[in-house]
Amino acid sequence: MSAKPKIAVFASGNGSNFEALAKACQTEELGAEIVLMVTDKPDAYVCNRAQEMAIPIATFQPKKFESSTAFERAVLKSLSEAKVEWIVLAGYMRLLGKTIIDAYPSKIVNIHPSLLPSFPGKDAVKQAIQHGVKVTGVTVHLVDEGMDTGPIIAQQAVEVVVGSIQQTTEAIHIVEHELYKKTLAEFIS
Ligand code: GRF
């Protein structure tokens, strides 16, 4: 049997997508191994989740490095030591730069809470509600140097709960947790 592809999940926040992916690896719905959780926020709740699931955490805060290139080189070193083959972004609130992107061509995937190219960037659910759309959704895409601009791999629509960012976000999260593991299972294998 060939070894499972090794993934690093990058996250900065709550980490519900990280946990959904980690559980999918345990149940083998996703035939991959999360060997590292990379974060720029050591106090984020995703760190508790990683600890509970015994997944190693690598913390890199850009402000502790002399340049963004030095920061990205340090991240790459830890990815290389862990033999990471795929980078999966799950609520990582930072744009990746050329140093990392060039090291993982077509091997970096992101999930975004809108039907791209609508509502890229921060607060995508709030943007959708403010525009009065009735349907928004979830996009899984490859990462390039732009803000949520890379080639789209999968999308799923979600109905807006009119006037409620919170309820719409909850509906989006339910879809995200299913769509991300299924898409990665197909895409990575
Ligand atoms: C998700 O909505 C994801 O699409 C976006 O950031 C959010 C992260 O949520 N990129 P969580 O931290 O996984 O709960």
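So, here's what we can say about the structure. (Residues numbered from 1 in each chain as written. Predicted model: local features only at pLDDT ≥ 70, side-chain atom pairs only at ≥ 80, totals over all residues. Heavy atoms only, no water.)

## Re the nonpolar core
Line of reasoning, step 1. Grouped together as the largest cluster of nonpolar side chains are 37 residues, with contacts concentrated most on I34 and Y180.
Line of reasoning, step 2. For this core, the element with the highest residue contribution is helix α6 (residues 165-188), accounting for six residues.
Line of reasoning, step 3. With 23 residues, the next largest nonpolar core counts V75, L76, L79 and Y92 among its residues. (Core = buried A, V, L, I, M, F, W, Y, C linked by side-chain atoms within 4.5 Å. Buried < 20%, exposed > 50% of the residue type's maximum accessible area, 1.4 Å probe, protein only. Helix = DSSP H or I, 4+ residues; strand = E, 2+ residues; numbered from the N terminus.)

## Some details on unusual backbone geometry
Line of reasoning, step 1. Across the junction of L116 and P117, the peptide omega takes the value 15°, indicating a cis bond.
Line of reasoning, step 2. The topology assignment puts P117 in the loop between β5 (108-112) and α5 (124-131).
Line of reasoning, step 3. The phi dihedral of E28 is positive, around 70°, even though this residue is not glycine.
Line of reasoning, step 4. Within the secondary structure layout, E28 lies in the loop between α1 (16-26) and β2 (33-39).
Line of reasoning, step 5. Judged by relative accessible area, E28 falls into the exposed class, the value being 54%.

## A word on the pattern of salt bridges
Line of reasoning, step 1. For the structure on display, the rule yields eleven salt bridges.
Line of reasoning, step 2. Note that E28 and K4 form a salt bridge whose closest N and O atoms lie 3.2 Å from each other. Here E28, found in the loop between α1 and β2, pairs with K4, found in the segment before β1 (6-10); they are 24 residues apart in sequence, far enough to count as distant.
Line of reasoning, step 3. Between K23 and E19 there is a salt bridge; the shortest N-O distance is 2.8 Å. Taken as a pair, K23 and E19 lie in helix α1 at a separation of four residues, close to a single helical turn.
Line of reasoning, step 4. Note on K23: relative accessible area 43%, which makes it partly exposed.
Line of reasoning, step 5. Here the salt bridges share partners, and the residues they tie into one network are E29, E178, K181 and K182. (Salt bridge = Lys/Arg side-chain N within 4 Å of Asp/Glu carboxyl O.)

## Observations regarding the packing of α1 against α6
Line of reasoning, step 1. Interaxial distance between α1 and α6 falls to 9 Å at its minimum, and their mutual angle equals 45°. With respect to their mutual orientation, α1 and α6 come out oblique. Seen from above, α1 lies across α6 with right-handed handedness. Touching S16, N17, A20, L21 and A24 of α1 are H173, E176, H177, Y180, K181 and L184, all from α6. (Axes fitted to C-alpha atoms, helices over the stretch in contact; angles between N-to-C directions. Parallel < 35°, antiparallel > 145°, perpendicular 65-115°, else oblique. Left-handed = near helix turned anticlockwise from the far one by under 90°. Contact = heavy atoms within 4.5 Å.)

## Some points on the site of the ligand
Line of reasoning, step 1. The full set of residues close to the ligand is N14, G15, S16, N17, G91, I111, H112, P113, H173 and E176.
Line of reasoning, step 2. G15 places a main-chain nitrogen or oxygen 2.7 Å from an oxygen atom of the ligand.
Line of reasoning, step 3. Here I111 contributes a backbone N or O atom positioned 2.9 Å from a nitrogen atom of the ligand.
Line of reasoning, step 4. Taken together, the elements giving at least two residues each to the shell around the ligand come down to α1, β5 and α6.
Line of reasoning, step 5. Tallied by class, the residues present in the shell around the ligand amount to two nonpolar, seven polar and one charged. (Near = heavy atom within 4 Å. Polar contact = N/O pair within 3.5 Å; in protein donor to acceptor, adjacent residues only side chain to side chain. Nonpolar A, V, L, I, M, F, W, Y, C, P; charged D, E, K, R; others polar.)

## Concerning α1
Line of reasoning, step 1. Summarising burial for α1: nine of the eleven residues are buried, a large majority.
Line of reasoning, step 2. Among the residues of α1, those classed as buried are S16, N17, F18, E19, A20, L21, A22, A24 and C25.
Line of reasoning, step 3. Looking at the packing, one finds that the buried side of α1 touches β1, β2, α2 (45-52), β4 (86-89), β5 and α6.
Line of reasoning, step 4. Looking one or two places after α1, you find E28, whose phi comes out positive at around 70°.

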